[in-house]
Amino acid sequence: MYLVRPIHSVAFVKANDLGVEAHIGRYDTRPGWDQYVPFVRGVHLPYAGCNLAALDADERERSIRAIMAAIESGRQYPVDRMVVHTAAFESLDTVRVGDYGLMIESFRCLADYARDVGIMLCIENQVLREPAHRRIYGDCAEEWFGIHRDIDRANVALTLDVSHAATSAAVHDDVEARRRALFDFLRRPELIGRVHWSDACIDRNEARFNDMHLVPGQGDLPLDFHRKVKALDAVKLLEQNCSEQEVLQGLAFVRRLD
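Everything numeric in this text was worked out from a predicted model, so none of it was measured.

Caption draft 1: Seen up close, the side chain of Lys-236. By secondary structure assignment, the location of Lys-236 is in strand 11 (residues 235–238). In this structure Lys-236 is buried but unpaired, with Asp-233 as the nearest side chain of opposite charge at 6.8 Å. Within the structure, Lys-236 has its side chain in polar contact with the backbone oxygen of Leu-232 (distance 2.6 Å). Of note is the side chain of Lys-236, whose polar atom sits 2.9 Å from the backbone oxygen of Ala-234. Those residues in contact with Lys-236 that sit more than four places away from it in its chain are Met-1, Tyr-2, Leu-3, Val-195, Trp-197, Val-229 and Lys-230.

This is the structure we're talking about:
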């Protein structure tokens, strides 16, 4: 089953055998959410206002508690795993605000809490922004996999966000280097428990510091990369703000990859 954002009509979701992802504190608070509840097959935990790496102990504790509360809210849905951003800033406007080791401690706390209620956390790779604006942990493949290794909990996996990966790849000098960097996100497929599937443009470097979230098939990411994404043993969300017709185009592209 493929998921979409709950921005399309319930009739469209039902007619095309789709599910939706419940973003706790975002989509589930909108009027009319109840009609989407029967179609929820994924849960995304909040990240706005959170910094799991915060040097400020009170801020870090508030962030942990906010995500714990969202895990509790998400347990009403039929899922065994939840997507979580690193939500962990090292710097904002060049000012250091967080620490990697503190983030790992926060995630271990969250993972232990999630384990006790039967939930796996899937940590999403992050958008690579201009360093002068912010530095958030997990914005390249090496660090993303390293975070998973350092947390060292059996109920922690990864969420691959394709558009975020493209921002990381797009900073390289030539097209082949960008493509190699993109495929680097797939070197441990067994760790990937969820996918946010989009397209992007890396050949002309349009994805450089630009989270494009194009409909699959509308960008220039290699077909073989898309095929490998499709082959991942994970629930896949087509994560675009787009029309229903564009969703159908994206689904047609995905199905042609066989």
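Moving on from the model shown.
Caption draft 2: A look at the packing of helix 3 (residues 100–116) against helix 4 (residues 141–151). Running from N to C, helix 3 and helix 4 cross one another at 55°; their axes reach a closest spacing of 9 Å. By the angle class used here, helix 3 and helix 4 are oblique. Considering only the axes of helix 3 and helix 4, their crossing is right-handed. Contacts between helix 3 and helix 4 involve Tyr-100, Met-103, Ile-104, Phe-107 and Arg-108 on the former and, on the latter, Glu-143, Gly-146, Ile-147, Asp-150 and Ile-151. A per-class count over the contact of helix 3 with helix 4 returns six nonpolar, one polar and three charged.

Caption draft 3: Main features of helix 8 (residues 244–256). Between its first and last C-alpha atoms helix 8 spans 19 Å; for 13 residues at 1.5 Å apiece the expected length is 18 Å, and the two agree. What helix 8 keeps buried is the set Val-247, Gly-250, Leu-251, Phe-253 and Val-254. Projection of helix 8 onto a plane perpendicular to its axis shows the buried side chains occupying an angular sector of 160°, all on one side. Of the exposed residues in helix 8, the ones pointing more than 90 degrees away from its buried face are Arg-255 and Arg-256. On the buried face of helix 8, the contacting elements are strand 1 (2–4), helix 1 (10–15), strand 10 (192–197), helix 7 (223–231) and strand 11.

Caption draft 4: Expanded view of the nonpolar core. By size, the foremost hydrophobic cluster in this structure holds 80 residues, and its most contacted members are Leu-45, Leu-160 and Trp-197. Element by element, the count of residues in this core is highest for helix 3, at six residues. Every residue in contact with Leu-160, bar those within four places of it in the chain, is listed here: Asn-125, Trp-144, Ala-165, Phe-185, Leu-186, Ile-192, Arg-194, Val-195, His-196, Val-229 and Leu-232.

Caption draft 5: Local environment of the pattern of salt bridges. Evaluation of the coordinates by the stated rule reveals 20 salt bridges. The shortest N-O distance in the salt bridge between Arg-194 and Glu-21 comes to 3.0 Å. Taken together, the positions of Arg-194 in strand 10 and Glu-21 in strand 2 (residues 19–23) put the pair 173 residues apart, joining distant regions of the chain. The pair Arg-194 / Glu-21 is uniform in exposure class, with both members buried. Glu-90 is the partner of Arg-135 in a salt bridge, and the nearest nitrogen-oxygen pair spans 3.5 Å. Residue Arg-135 is located in strand 8 (residues 134–136), and its partner Glu-90 is located in strand 5 (residues 89–92); the two are separated by 45 residues in the primary sequence. Residue classification places Arg-135 among the partly exposed residues on the basis of a relative accessible area of 22%.

What counts and what doesn't
- Residues numbered from 1 in each chain as written.
- Predicted model: local features only at pLDDT ≥ 70, side-chain atom pairs only at ≥ 80, totals over all residues.
- Heavy atoms only, no water.
- Helix = DSSP H or I, 4+ residues; strand = E, 2+ residues; numbered from the N terminus.
- Buried < 20%, exposed > 50% of the residue type's maximum accessible area, 1.4 Å probe, protein only.
- Lys, Arg positive; Asp, Glu negative; His and termini not counted.
- Salt bridge = Lys/Arg side-chain N within 4 Å of Asp/Glu carboxyl O.
- Polar contact = N/O pair within 3.5 Å; in protein donor to acceptor, adjacent residues only side chain to side chain.
- Contact = heavy atoms within 4.5 Å.
- Axes fitted to C-alpha atoms, helices over the stretch in contact; angles between N-to-C directions.
- Parallel < 35°, antiparallel > 145°, perpendicular 65-115°, else oblique.
- Left-handed = near helix turned anticlockwise from the far one by under 90°.
- Nonpolar A, V, L, I, M, F, W, Y, C, P; charged D, E, K, R; others polar.
- Expected span 1.5 Å × (residues − 1).
- Arc of directions from axis to C-beta.
- Core = buried A, V, L, I, M, F, W, Y, C linked by side-chain atoms within 4.5 Å.

Scope: geometric values only; no functional claims are made or implied.
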